[in-house]
Amino acid sequence: MADRRAWTGAVAVVARGVATAAGLLLVASMLVFALVRAAPGDAVDVEFGESGASALLSPEEEAVARAQRARELGLDRSVPEQYARWLDRVVRLDLGTSFRTGRPVADELGDRVAASAALGGAGFLVALTVAWLIAALSARRPGGLLDHALRVLSLTATAVPTFLLGSLGLRYAAEWFGYPVAGEASWRRLWLPAVVLGVGAMPVVARLLRASLITEYGRPYALAARARGTSTARLTFRHVMRPAFAPLLTLAGLTLSSLVAASVITEVIFSWPGVSEYAVSAISAKDYPVVQAYLLLVVAVVVVVNRTMDVLQHLLDPRVAHAAQVA
């Protein structure tokens, strides 16, 4: 019966999440479209600047060529009309065509999504694994020498910028281990950017998990288990881990979402052929369809991840489900 109530609460959370996510994505699409168009210049300016056509054409010929190219790209219409046409295509899962390559944006993103997902997932796994080890060791003797040493290590990781850690890691890994600095996405190239991403996200997770573990170790059920002679490992994995992880789920969702955004720097440093690296090059070229699709994809990932974490929290912590039913 309790499990059924938990699943019912999870379904209610999903239903509410779908409704709010639809509205959030609509607002996000407006903001994305407006912000992209607010940047100075456009794709026509970039094309003529890079090609040097302005030096070969008279002012009249250049004006005609610019107007023709703007019509081809749909930039001659008003901004509200451009947004309405773009939103209509997005609803039909058509993300438009890249100004630079002439290929469908959905196809180009699809070619790179797997690489970005692998990097984000691996970085998230590194962050959780290292955070769990640090938190578990620190929580055994709070205030002890090992606890202080691990907290200093976490603070040091927080202070190091991602671009600096990535640059140093890339340099020495290439020199010492023969790490390939360029190439296609592969397991051989994945481990280093994943470590850089994970180390950047680890300290916040470790601090929260440490505090949660200390709180659970001090609860009556844990003290009673210790009095019965339960080992620390058995106490942790059988009794403490589940309630200790419940408050971490919300932060874990935010951490995973932040990894998606933080991967921009990492993908550029390591030349990782993911979505973020592709979007950075599109920004400099004013490739509106690509930039809009990327930003909308990031928003969608954040919404889906956080809704999923809400459901998991209902399933793992009965207190949350009960509170939702009372409300």
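Preceding block: the structure.
Read on for an overview of the structure. All values reported here derive from a predicted model rather than from experimental measurement. (Residues numbered from 1 in each chain as written. Predicted model: local features only at pLDDT ≥ 70, side-chain atom pairs only at ≥ 80, totals over all residues. Heavy atoms only, no water.)

1. Remarks on the overall build of the protein
Inclusion rule: Put simply, DSSP marks the helices as runs of H or I at least four residues long and the strands as runs of E at least two long, and each gets a number from the N terminus on. For accessible areas, the Shrake-Rupley method is used with a probe of radius 1.4 Å. Any residue's cover is judged against the shown protein chains and nothing else.
For the protein, the helix and strand inventory stands at 14 helices and zero strands. Starting at the N terminus, the α and β elements of the protein follow one another as α-α-α-α-α-α-α-α-α-α-α-α-α-α. Accessible surface, the protein: about 17800 Å² in total, of which carbon and sulfur atoms supply 67%.

2. Things to note about a nonpolar patch on the surface
To keep things clear, this is the line we draw: In this scheme, patches are assembled from residues that exceed 30% relative accessible area and form no salt bridge. Like charges are connected within 9 Å, while nonpolar side chains (Val, Leu, Ile, Met, Phe, Trp, Tyr) are connected within 5 Å. The rule for a salt bridge is simple: a side-chain nitrogen of Lys or Arg has to be within 4 Å of a carboxyl oxygen of Asp or Glu.
A contiguous nonpolar surface patch, about 970 Å² in accessible area, is contributed by Val160, Phe163, Leu164, Leu168, Tyr172, Trp176, Phe177, Trp191, Val195 and Ile265. At the level of elements, α7 (162–176) and α8 (187–217) are the ones that each hand at least two residues to the nonpolar patch. With respect to the helices and strands, the residue valine 160 is situated in the loop between α6 (145–159) and α7.

3. Side note on the packing of helix α5 (residues 105–140) against α6
So the rule is basically this: Note on geometry: axes are C-alpha line fits, over the in-contact stretch for helices, and angles between N-to-C directions span 0 to 180 degrees. Reported orientations rely on four angle classes, namely roughly parallel under 35 degrees, roughly antiparallel over 145, roughly perpendicular from 65 to 115, and oblique for the rest. Crossing handedness: left-handed means the near helix sits turned counterclockwise from the far one by under a right angle, and right-handed means the same turn made clockwise. Only heavy atoms matter for contacts: two residues are in contact if any of them lie within 4.5 Å across the pair. Only Asp, Glu, Lys and Arg are considered charged in this grouping, and only Ala, Val, Leu, Ile, Met, Phe, Trp, Tyr, Cys and Pro are considered nonpolar; every other residue, Gly among them, is considered polar.
Following both chains from N to C, one finds α5 and α6 inclined at 150 degrees, their axes separated by 8 Å at the closest point. If you check the angle between α5 and α6, you find them roughly antiparallel. Crossing hand, α5 versus α6: left-handed. Residues Ile134, Leu137 and Ser138 of α5 touch α6, and the partners they reach there are Leu146, Asp147, Leu150 and Ser154. Taken together, the residues of the contact of α5 with α6 sort by class into four nonpolar, two polar and one charged.

4. A short note on the packing of helix α9 (residues 220–227) against helix α10 (residues 232–245)
Here α9 crosses α10 at 165 degrees, and the two axes come no closer than 11 Å. One finds that α9 runs roughly antiparallel with respect to α10. Seen from above, α9 lies across α10 with right-handed handedness. Facing Tyr221, Ala222, Ala225 and Arg226 of α9, the residues of α10 in contact are Thr232, Leu235, His239, Val240 and Pro243.

5. So, α5
Note the following rule: To estimate how far a helix should extend, the number of its residues minus one is multiplied by 1.5 Å. At every residue, the bend is computed as the angle between two fitted axes, covering the seven residues ending there and the seven beginning there respectively.
Taking 1.5 Å of rise per residue, 36 residues should cover 52 Å, and α5 covers 51 Å from first to last C-alpha, within 8% of that figure. A bend of about 35 degrees at arginine 112 is the largest found in α5.

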